[in-house]
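Below are the chains, spelled out letter by letter.
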Amino acid sequence: MRRVAISLCAVLLAAACGGDDASEPVATDAAAATTSASGAAPDRTQVSGTALPQFEQLEDDPAVGRQAPQVVGADLLTGAEVRIENHGRPMVVAFYAHWCPHCQNEVEDLTGWLETNELPAGVDFYAVSVLEDATRGNHPPEKWLRDEGWQHPVVADTPAMSVVDAFGLVSVPYLVAVDADNEVVLRFAGNIPGGAPELAAFFTTLLEPAS
């Protein structure tokens, strides 16, 4: 697991060199955010497990090696049950806010790339819609994602921001990579340097045997 984490960090650090404003995280004020439910979906979201510490740094992240929390909720786009938990495979969980321009750019880039490419099989990919605010742009988030052509399971955080707290989110976009043993191997805030192809590299690295 540790070797995988180092490899992922190396990819991100190399990609971040000479980055521009698009690679910077968007700070959020969880206490000030006005979170409103889209229908009944967020009310069905449940979180279990031990919360991760707040994310502060890429290297020497204290969450690495800890068990990831579990999330069960309704898919915002289909209504089907989504279980973000250990299924014996690695997983990547991406966190987006509908009003965040960096999240908008990342979702647009990823969905566009997936029109002609595929993410490597064997790694589960989920999204969580967080920090919903009916007074800000692209609301409701499910319409935004549907209009963008999003094809992956996505659940909404609870009005109390239980998922935000469980995964230690302090800014968006935010990504958490978890290995097949449900141990966190990397957390990253901000746009992924290199965009969708670099996300595909995450998947490939997670499939490599850990040492």
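For the structure itself, consult the block above.
What comes next is a walk through the structure.

Calculation criteria
Residues numbered from 1 in each chain as written. Predicted model: local features only at pLDDT ≥ 70, side-chain atom pairs only at ≥ 80, totals over all residues. Heavy atoms only, no water. Helix = DSSP H or I, 4+ residues; strand = E, 2+ residues; numbered from the N terminus. Buried < 20%, exposed > 50% of the residue type's maximum accessible area, 1.4 Å probe, protein only. Pairing = 2+ DSSP bridges. Axes fitted to C-alpha atoms, helices over the stretch in contact; angles between N-to-C directions.

The omega angle of the peptide bond from H139 to P140 is 0°, so this bond is cis rather than trans. Positive phi values are uncommon outside glycine, yet L131 reaches one of about 55°. Tracing the chain through its elements places L131 in the loop between β6 (124-129) and α3 (141-148). In this structure L131 comes out as buried when scored by relative accessible area, which is 2%. Even without glycine at this site, N138 takes up a positive phi of about 60°. Inspection of the secondary structure puts N138 in the loop between β6 and α3.

With respect to topology, three strands assemble into an open sheet ordered β2-β3-β4, the strand pairing being antiparallel. The open sheet terminates on both sides in strands that have one partner only, identified here as β2 (46-48) and β4 (81-84). On average, each strand axis in the sheet is inclined to that of its neighbour by 10°, with strand direction left out of account. Both strand β3 (residues 70-74) and β4 contribute to a ladder of four bridges, which runs antiparallel. Bridge pairing in β4 links V72 to R83.

By themselves, these observations are geometric and do not establish any function.
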